[in-house]
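Below, each chain spelled out in residue letters.
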Amino acid sequence: MFKLLLLLAVSASCQQNPGGGDLESVLQSIFGNPGATAAPPAVVTNPTPPSLGDKKGESSTLVPGIQTSDDQDTTCTTDKGEPGECVRYYLCNVQNNTVITDGVGIIDIRVRDGPCPSYLDACCLVDDKRPPEDPITPKPPKQEEVRTGCGWRNPNGVGFQTTGDTEGESKFGEFPWMVAILKIEPVNDQEPDGQKLNVYVGGGSLIHPSVVLTAAHYVAAAPRLRVRAGEWDTQTTKEIYPYQDRDVSKVEVHKDFNKGNLFYDVALLFLSKPMDLAPNVGLACLPPARERAPAGARCLASGWGKDKFGKDGRYQVILKKIELPVVDRNTCQDRLRKTRLGRYFELHTSFMCAGGGPGKDTCKGDGGSPLVCPIEFEKDRYSQAGIVAWGIGCGEDGTPGVYVDVANLRNWIDDKVAGQGYDPKVYNY
């Protein structure tokens, strides 16, 4: 069973810069280092956002990608023994002996030994192959099914359906507000204008086409950032809807953010140009000011973070999700006092808690990612209650995870968004 386990209060960028002053540095100075962690992956990539027709040959930004090339052997044999060609499933009229007319195929994400190298490819007869500019796309929703506004989750995914997601993998486009935050660095420091490296920093949520909400400790010291929306499987670029990349033009960190204890660990990223809303790219809703999710509410966290803490933990390939209950503040503080934080620890008002079930929390690399809770009386609609911030270990002893309390900071968010000329009403529900 999937264990997306609890973030250890450190961002990837902070770990690469000793003395950054994050909470883990404080903890280590008192209690020592409980174990080394691997640095986040970094891959040389083309910084140009892909389109539906130019994805081939790109490598992943978040984890070591699957490289493809124009001379790769794409021949295959169908289930009936006929010669075919491996093409993306939405460029073939026939897949798994079923005619696709509405763009929705059934994809098994566990298949790694089929006739084609990618589970998103179909072994297609030449006569059934469609040109790249004419993919099979899902039918538009009926008028009564059209949803407007923020916070809409797609529990069955968009564009195609998946099976084999037995370890907490999300569906493609299930959380359309989820974004990956990347740090742009030159491959060679002596050639700052040369080839660039996109380093995965953490997660965030798209709350406006031009604004991302995230944790401050991930972005406060980063000189140049990029945001990726619509990402799902980081080792392929063959999904029917492409991801979108935007550079960050301005970083707004809360004026009271304390990198030593992570109080007010919230930041807004303003993008150089807005994201285009798409089936796999949408907006998160935010709760009204001071309207916190009640204790016991069953909420969802998502991220590409490690599956466990320490050197044995691995960053995830497909975006994962986990259901976590909101934990009452006093209960959370009591549990945290039983850890190495000690009996005098006080949970700051800018935090909230969730999780606490053994082995079920968010983990390193999930920082900045959203915790969303159901909106009452609205099926499949969610509001962002928290931002993954920090925790003790990775769920080994059932200690709740600590999240930035979004409702408590809603007025600050509105003020900064409006100050840049954007309308805060877009993330109201």
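Just above, that's the structure.
Residues numbered from 1 in each chain as written. Predicted model: local features only at pLDDT ≥ 70, side-chain atom pairs only at ≥ 80, totals over all residues. Heavy atoms only, no water.

A. View of the sheet that holds strand β3 (residues 83-88). With antiparallel pairing, the three strands of this open sheet are ordered in space as β2-β3-β7. Of all the strands in the sheet, the pair left with one neighbour each is β2 (75-77) and β7 (121-124). Within the sheet, the average angular offset between the axes of one strand and its neighbour, ignoring direction, is 45°. Inspection of the sheet shows β3 paired to β7 by four bridges, in the antiparallel sense. For V87, the partnering residue across the bridge sits in β7 and is A122. (Pairing = 2+ DSSP bridges. Helix = DSSP H or I, 4+ residues; strand = E, 2+ residues; numbered from the N terminus. Axes fitted to C-alpha atoms, helices over the stretch in contact; angles between N-to-C directions.)

B. The arrangement of the pattern of salt bridges in detail. Summed over all chains, the structure comprises 20 salt bridges. Members of the salt-bridge network, linked through shared partners, are R153, E174 and K321. (Salt bridge = Lys/Arg side-chain N within 4 Å of Asp/Glu carboxyl O.)

C. Highlighting the pairing of strand β15 (residues 298-303). Among the six residues in β15, five count as buried, and that is most of the element. With six bridges joining them, β15 and strand β16 (residues 320-327) adopt antiparallel strand pairing. Residue pairing across strands places L300 opposite E323, the latter belonging to β16. The sheet contact formed by β15 and strand β18 (residues 370-374) spans two bridges and is antiparallel. (Buried < 20%, exposed > 50% of the residue type's maximum accessible area, 1.4 Å probe, protein only.)

D. Quick look at the environment of V317. Here V317 lies in the loop between β15 and β16. The sequence separation of V317 and W232 amounts to 85 residues, and the corresponding C-alpha distance is 8.1 Å.

E. How the structure looks around the packing of aromatic side chains. Summed over the entire model, instances satisfying the criterion amount to 10 aromatic pairs. Between the aromatic rings of F160 and W232, the centroid separation amounts to 5.7 Å while the plane-to-plane angle is 70°, which identifies the pairing as edge-to-face. Linking F160 in the loop between β7 and β8 (161-163) with W232 in the loop between β12 (225-229) and β13 (244-253), this pair joins segments that are 72 residues apart in sequence. What makes F160 buried here is its relative accessible area of 2%. Given a relative accessible area of 1%, W232 falls into the buried group. Their ring planes at 85° and their centres at 6.0 Å tell us that F345 and W390 sit as a pair that is edge-to-face. Taken together, the positions of F345 in the loop between α4 (329-337) and β17 (351-354) and W390 in strand β19 (residues 382-390) put the pair 45 residues apart, joining distant regions of the chain. Judged on exposure class, the residue F345 and its partner W390 are both buried. Counting every residue linked through ring pairs, the aromatic cluster contains Y89, Y90, F160, F172 and W232. Here R228 stacks its cationic end above the ring of Y243, 3.7 Å away from the centre of that ring. (Phe/Tyr/Trp six-rings, centres within 6.5 Å; stacked < 30°, edge-to-face > 60°. Lys NZ or Arg CZ within 6 Å of the ring centre and 35° of its normal.)

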